[in-house]
Amino acid sequence: MFPPFDEAIAFDACKKIISLLKEEKVYLEYTGRISSDRISNGIMIGACYGKNEAGEEKFLYTVSGNARKISDPENLLGGLFVEPIVPTEKINLALAANDEEIHSLTDRINNETDPARKDELKKQREKLTTESLSRVHDLYSFHCFDGKIKSLKEICSVTNRGKLPPTGTGDCCAPKLLDYCHAHRIVPFSLCEVYYGNDSETKKSGQVYGPCDERCGLILPEMLGLNILYRDGHICVVNKQSGLLSVPGRGPEKEDSIEKRFRTIYGDAVEIKQPAVHRLDMETSGIMVLAFTKEAHRAMNMAFERGDVQKEYVALLDGVLAKKGVPQHGQNELYFRLDVDNRPHQIWDDVNGKKAVTEWNILGVEKYVAPDGTRTDATRIQYIPHTGRTHQLRLVSADSHGFGMPIIGDTLYGHCRPGERLMLHAKKITFPHPATGEKVTFECKEEF
């Protein structure tokens, strides 16, 4: 997962913590049980700088896991140690209900010689361990960017398709630090995690590591309100979720948007009120670019005007295009304008309409399973728009002058079943970086 905030200032703080640990001026203390095979394992040191509503700078630090803490008896660090989301005692209590029976089953499994009986005992143990893990997950909840508190299970119902997350989800440094920041209305501007301990195959002491995909990747996007693919001092690239506006609409009920969340997360680091450099339809998911600075925003706008930005989309069409005689690859030019009597719909108009040029590649035919269990044939297609007209790809798909086959889940030009989303995703974008001029490419796979 890409680090959501600048790491430089917090990295210096992590180095200071590690230096003081080596000098034994601050200490790692055990606050709970830890298995003997993990005592020698290293630990992640996390640091965060932010500003509260009064503009005061705050320094926070923590460690990964929930069985250790940093003791600073002389207050040499001068900040606040952030405790685990859930104390060890509560976790142990949640595990205690099935602990004895699980150990008993383990002993019986080890002594069992009948393979069939051994498999049955393993299934019983797995059921109990799943129950225990579920009880532990019930204890976790996180403060999010918008002031709401979401449970781990609520978050995973969106990000992990309802499945239980891995053990230890929520015990990494970044979720702890962000949870504290959101709970106390602190806007972070630097956050970093550094490994400390014996080198392993995957980690070296003193090196910076971004939030892990396996655990943090499930919860940080919900805590932040954005799934950040890339960020530097000039631009931020995000994966917009379907159902969220790109920019605020009219009225308070339409205030929530990628742009609003971006400004909320980064605060004073965003120089402009309208940082989005382009938009996606509310129902479309995928890559969207925002600018931190006026210069970056201006450079991105010029790149779009020059045609220096290339985008690729993936869609699922409701049917089989090949049955209509559509070739596997091609390009069309269509003309559309706003239907003033039926906003925001666009309609065909070869006289007053604006030209929409779209290249396509048919990727294949597959079975699509709707939320209600309905199974239909669908065509997966790649779209490469050479213009940026409103609803261009939805119209190319659905309009009779195009394919006459709407994108699945299209509420405007097709049909949307209960619980269904628009199956259109902005998968890839290439453009000259606004600061360096070098071509950069970002890609994010569709989730359908």
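See the structure above.
What counts and what doesn't
- Residues numbered from 1 in each chain as written.
- Predicted model: local features only at pLDDT ≥ 70, side-chain atom pairs only at ≥ 80, totals over all residues.
- Heavy atoms only, no water.
- Helix = DSSP H or I, 4+ residues; strand = E, 2+ residues; numbered from the N terminus.
- Contact = heavy atoms within 4.5 Å.
- Areas by Shrake-Rupley, 256 points an atom, 1.4 Å probe, with all protein chains shown as cover.
- Lys, Arg positive; Asp, Glu negative; His and termini not counted.
- Charge placed at Lys NZ, Arg CZ, Asp CG, Glu CD.
- Buried < 20%, exposed > 50% of the residue type's maximum accessible area, 1.4 Å probe, protein only.
- Arc of directions from axis to C-beta.
- Pairing = 2+ DSSP bridges.
- Axes fitted to C-alpha atoms, helices over the stretch in contact; angles between N-to-C directions.
- Salt bridge = Lys/Arg side-chain N within 4 Å of Asp/Glu carboxyl O.

A separate point is the overall build of the chain. For the chain, the helix and strand inventory stands at nine helices and 18 strands. Projected onto its principal axes, the C-alpha positions of the chain cover 75 × 65 × 40 Å. Here the analysis covers contacts within the chain between residues at least 6 apart in sequence; of these, 63% occur between residues at least 24 apart. As displayed, the chain offers around 22600 Å² of accessible surface, 47% of which is attributable to carbon and sulfur atoms. Charge separation in the chain, taken as the distance between the mean sites of 59 positive and 65 negative side-chain charges, equals 2 Å.

What follows covers helix H7 (residues 258-266). For H7, the full list of buried residues reads Ile258, Glu259, Arg261, Phe262, Ile265 and Tyr266. Projected down its long axis, H7 shows its buried positions confined to an angular sector of 165 degrees, all on one face. Of the residues one or two after H7, Gly267 is the one with positive phi, at around 55 degrees.

Let us look at the environment of Gly243. Position of Gly243 relative to the elements: it lies in the loop between strand S10 (235-240) and H7. In this structure Gly243 comes out as partly exposed when scored by relative accessible area, which is 48%. With 14 residues separating them in the primary sequence, Gly243 and Ser257 have C-alpha atoms 9.6 Å apart. Beyond its immediate chain neighbours, meaning those up to four positions away, Gly243 contacts Met282 and Glu283.

For the rest of this paragraph, the subject is the sheet that holds strand S8 (residues 187-196). Taken together, the four strands give an open sheet; going across it, the order is S5-S3-S2-S8, and neighbouring strands pair in mixed fashion. Two strands in the sheet have a free side with no partner beyond their single neighbour: strand S5 (80-81) and S8. Pairing geometry for strand S2 (residues 43-51) and strand S3 (residues 57-63), over seven bridges, is antiparallel. From the neighbouring strand, Gly50 faces S3, where its bridge partner is Lys58. Relative to S3, helix H5 (residues 173-183) is tilted by about 145 degrees, and along the sheet it contacts S2, S3, S5 and S8.

A regular strand places its side chains so that they alternate between the two faces of the sheet. In terms of strand pairing, strand S13 (residues 329-338) meets strand S15 (residues 354-369) through eight bridges, oriented antiparallel. Its bridge partner being in S15, His329 is matched across the sheet by Asn361. Looking at chain direction, S13 and strand S14 (residues 346-348) are connected through three bridges and run antiparallel. Its bridge partner being in S14, Phe336 is matched across the sheet by Trp348.

One pass over the full model with this rule turns up 21 salt bridges. Of the charged contacts in the structure, one is a salt bridge between Arg261 and Asp256, with a shortest N-O distance of 2.8 Å. Classification of Arg261 by relative accessible area gives buried; the value is 12%. Close ionic contact of Asp281 with Arg394 constitutes a salt bridge, the shortest N to O distance being 3.1 Å. In this pair, Asp281 sits in the loop between H7 and strand S11 (285-291) while Arg394 sits in helix H9 (residues 392-398), placing the two residues 113 residues apart along the sequence. By relative accessible area, Asp281 is classed as partly exposed at 25%.

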